[in-house]
Amino acid sequence: QVFVEGLTKIAAGDDPLYARVAALFTLKQLDGEESHETLIKLAAKDDLREFALRALADRKTQLKGVPTKLFVEALEDSNPRVRLQALIGLARLNQANAAAAVMPLLTDNDPVVAHTAVRTLVALKAVEPCLEVMATGSSSPTVEAVVQVLERLHDERVVDELIGLYAKHRDATYR
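Read on for an overview of the structure. In every chain, residue numbers begin from 1 and rise along the written sequence. Local features in this predicted model are restricted to residues of pLDDT 70 or higher, and side-chain atom pairs are both shown and tallied only at a pLDDT of 80 or more, whereas totals for entire chains, interfaces and linings draw on every residue. Each side-chain value is derived from all of the structure's non-hydrogen atoms; neither hydrogens nor water enter the calculation.

## As for the pattern of salt bridges
Consideration 1: We define a salt bridge as a side-chain nitrogen of Lys or Arg found within 4 Å of a carboxyl oxygen belonging to Asp or Glu. Summed over all chains, the structure comprises 11 salt bridges.
Consideration 2: For R152, the salt bridge identified is with E151, shortest N-O distance 3.6 Å.
Consideration 3: In this scheme, a residue with accessible area under 20% of its type's maximum is buried, one over 50% is exposed, and one in between is partly exposed, where area comes from a 1.4 Å probe on protein chains only. For R152, a relative accessible area of 34% puts it in the partly exposed group.
Consideration 4: Taking the relative accessible area as the measure of exposure, E151 reaches 51% and is therefore exposed.
Consideration 5: A salt bridge links D155 to R157, with the shortest nitrogen-to-oxygen separation between them at 3.2 Å.
Consideration 6: Residues participating in the shared-partner salt-bridge network are D46, R49 and D77.

Structure (structure tokens):
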């Protein structure tokens, strides 16, 4: 308990960032799921947010009590590294209900974030949200990215819907 208190104090303090990050991850290693409350508080700090998100979702065996809302909110962060960790975390949390919130990141200015958004939607098996985007019948960068997701989802519904959409729309670019 003494170590946990000391690490929490270091992570929340004014030490150099590398020391605070090391304390944050050591806290997670020592305290496991018990560290989540502290990590959630540390995620409120701009300079620690990406690291706290990473630590919260780092171990698939220690995801109990990790709030999905924190990761969904982080998808709109101005820092691309935070958005990246939010995507990775949502995939690890297997929160398919967050797929709609991931959609805008398919066309993110940061190519790593955009690529990871595709991978996240594939991991979440986000068939329905992707098919909703395809049903718009428009040609856009979002539709192009959704096609990348759908071609990685091996589901009969995807094939049936795409065949139906192909027959329904006449726009050559869309087809």
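## Description of the packing of helix α1 (residues 2-12) against helix α2 (residues 17-31)
Consideration 1: What counts as an axis is a line fitted to C-alpha atoms, over the stretch in contact for a helix, and the angles between N-to-C directions run from 0 to 180 degrees. Elements are defined by DSSP. Helices are runs of H or I of four residues or more, strands are runs of E of two residues or more, and each kind is numbered from the N terminus. One way to put it is that α1 packs onto α2 with a least axis distance of 8 Å and a crossing angle of 150 degrees. Classified by the angle their axes make, α1 and α2 are roughly antiparallel. The interaxial crossing formed by α1 with α2 has left-handed handedness. Contacts between α1 and α2 involve F3, V4, L7, T8, I10 and A11 from the former and A19, R20, A23, L24, T26, L27, L30 and D31 from the latter. Note that the term roughly parallel is reserved for angles under 35 degrees, roughly antiparallel for angles over 145, roughly perpendicular for angles of 65 to 115, and oblique for everything else. Should the near helix be turned anticlockwise from the far one by less than a right angle, the crossing is left-handed, and should it be turned clockwise, the crossing is right-handed. Two residues form a contact once any of their heavy atoms are found within 4.5 Å.

## Concerning helix α6 (residues 80-93)
Consideration 1: Helix length check: α6, at 14 residues, gives a terminal C-alpha distance of 20 Å against a target of 20 Å (1.5 Å per residue), a fit within 8%.
Consideration 2: Measuring from the backbone nitrogen of R81 back to the side-chain oxygen at the start of α6 gives 2.8 Å, which picks out N79 as the cap.
Consideration 3: Within two residues after α6, N94 carries a phi angle of roughly 55 degrees, on the positive side. A helix is expected to span 1.5 Å for every residue after the first. In protein, a polar contact means a hydrogen-donor-capable atom and an acceptor-capable atom, both N or O and within 3.5 Å, with residues adjacent in sequence counting only if both atoms are side-chain atoms; elsewhere, any N or O pair within 3.5 Å suffices.

## Section: the environment of D108
Consideration 1: With respect to the element layout, D108 can be found in the loop between α7 (99-102) and α8 (111-123).
Consideration 2: C-alpha of D108 to C-alpha of R81: the two residues are 27 residues apart in sequence and 12 Å apart in space.
Consideration 3: Ignoring anything within four residues of it in the chain, the contact list for D108 reads R83, V113 and A114.
Consideration 4: At a separation of 2.8 Å, a polar atom in the side chain of D108 contacts the main-chain amide nitrogen of D110.

## Section: the side chain of T120
Consideration 1: Among the structural elements, T120 can be located in helix α8.
Consideration 2: Accessibility expressed as a relative area gives 2% for T120, which makes it buried.
Consideration 3: Of the polar contacts made by the side chain of T120, one reaches the backbone oxygen of L87; its length is 3.3 Å.
Consideration 4: Apart from the residues lying within four places of it in its own chain, the contact partners of T120 are L87, I88, A91 and V102.

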